[in-house]
Amino acid sequence: QVQLVESGGGLVQAGGSLRLSCAASGLTFSSYAMGWFRQAPGKEREFVAAHNWSFGSTYYADSLKGRFTISRDNAKNTVYLQMNSLKPEDTAIYYCAARFRGAYSTNWLDYNYWGQGTQVTVSS
């Protein structure tokens, strides 16, 4: 049974940082592209960042480049999202997702497995 479990969310002031983690189990982690998405109240789920399953390539939503960094540790079956200079508009539920042997995708429908999400709230 595949499980993705996010952690690290919380309440932070604008300008602060958070590091999200997503621990995967029940799958061959190194064979999956991993992505982070977010969904704010009343808005559609949007792509944040992704890490390819091969070659270590990373991709970001244009609006988040320079503030967010995705990384993965295949030995720990974990993907991370370092978020710096947080803004109130970053407030959302953040989800990690896994896509089997796929290139990264900004379309959440392309991912096979999802975590339950972790809430990030940025106060002004």
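The structure we're discussing is the one just above.
Cut-offs used in this document
- Residues numbered from 1 in each chain as written.
- Predicted model: local features only at pLDDT ≥ 70, side-chain atom pairs only at ≥ 80, totals over all residues.
- Heavy atoms only, no water.
- Phe/Tyr/Trp six-rings, centres within 6.5 Å; stacked < 30°, edge-to-face > 60°.
- Helix = DSSP H or I, 4+ residues; strand = E, 2+ residues; numbered from the N terminus.
- Lys NZ or Arg CZ within 6 Å of the ring centre and 35° of its normal.
- Buried < 20%, exposed > 50% of the residue type's maximum accessible area, 1.4 Å probe, protein only.
- Pairing = 2+ DSSP bridges.
- Core = buried A, V, L, I, M, F, W, Y, C linked by side-chain atoms within 4.5 Å.
- Contact = heavy atoms within 4.5 Å.
- Disulfide = S-S within 2.5 Å.

Colleague: Could you give an account of the packing of aromatic side chains, with specific residues and numbers?
Modeller: The final tally for this structure, using the stated rule, is 10 aromatic pairs. Relative to Tyr 104, the ring of Tyr 59 has its centre 3.6 Å away and its plane inclined at 10°; by these criteria the two rings are stacked. Linking Tyr 59 in strand β6 (residues 58–60) with Tyr 104 in the loop between β9 (92–100) and β10 (113–114), this pair joins segments that are 45 residues apart in sequence. By way of ring pairs, the aromatic residues Phe 37, Phe 47, Tyr 59, Tyr 95, Tyr 104, Trp 108, Tyr 111 and Trp 114 are connected into one cluster. Here the guanidinium or amino end of Arg 45 rests over the ring plane of Tyr 95, the centre of that ring lying 4.3 Å away. Geometry around Trp 114 places Arg 45 over its ring, the cationic atom sitting 4.7 Å from the centre.

Colleague: Outline the pairing of strand β1 (residues 3–7), supporting the account with residue identities and numerical values.
Modeller: Walk down a regular strand and you will see the side chains alternate between the two sheet faces. The alternating pattern of β1 places Leu 4 and Glu 6 on a buried face, while none of Gln 3, Val 5 and Ser 7, on the opposite face, is buried. The pairing of β1 with strand β3 (residues 18–25) spans five bridges and is antiparallel. Directly across from Val 5, in β3, lies its bridge partner Ala 23.

Colleague: Which residues make up the nonpolar core, and what values go with them?
Modeller: Counting residues in hydrophobic clusters, the biggest one holds 34 residues, and the most contacted among them are Trp 36, Leu 81, Met 83 and Tyr 94. If you tally residues by element for this core, the top one is β9, at five residues. The contacts of Leu 81, once residues within four sequence positions are left out, are Leu 18, Arg 19, Leu 20, Trp 36, Val 48, Ala 49, Phe 68, Thr 69, Ile 70 and Tyr 94.

Colleague: Mind laying out the state of the cysteines, listing which residues take part and the relevant values?
Modeller: Tallied over the full model, the rule gives one disulfide. Paired by a disulfide, Cys 22 and Cys 96 hold their sulfur atoms 1.9 Å apart. Between Cys 22 and Cys 96, the disulfide has an S-S torsion of 40° and is therefore right-handed. Separated by 74 residues along the polypeptide, Cys 22 in strand β3 and Cys 96 in strand β9 bring together distant segments of the chain. For Cys 22, a relative accessible area of 0% puts it in the buried group.

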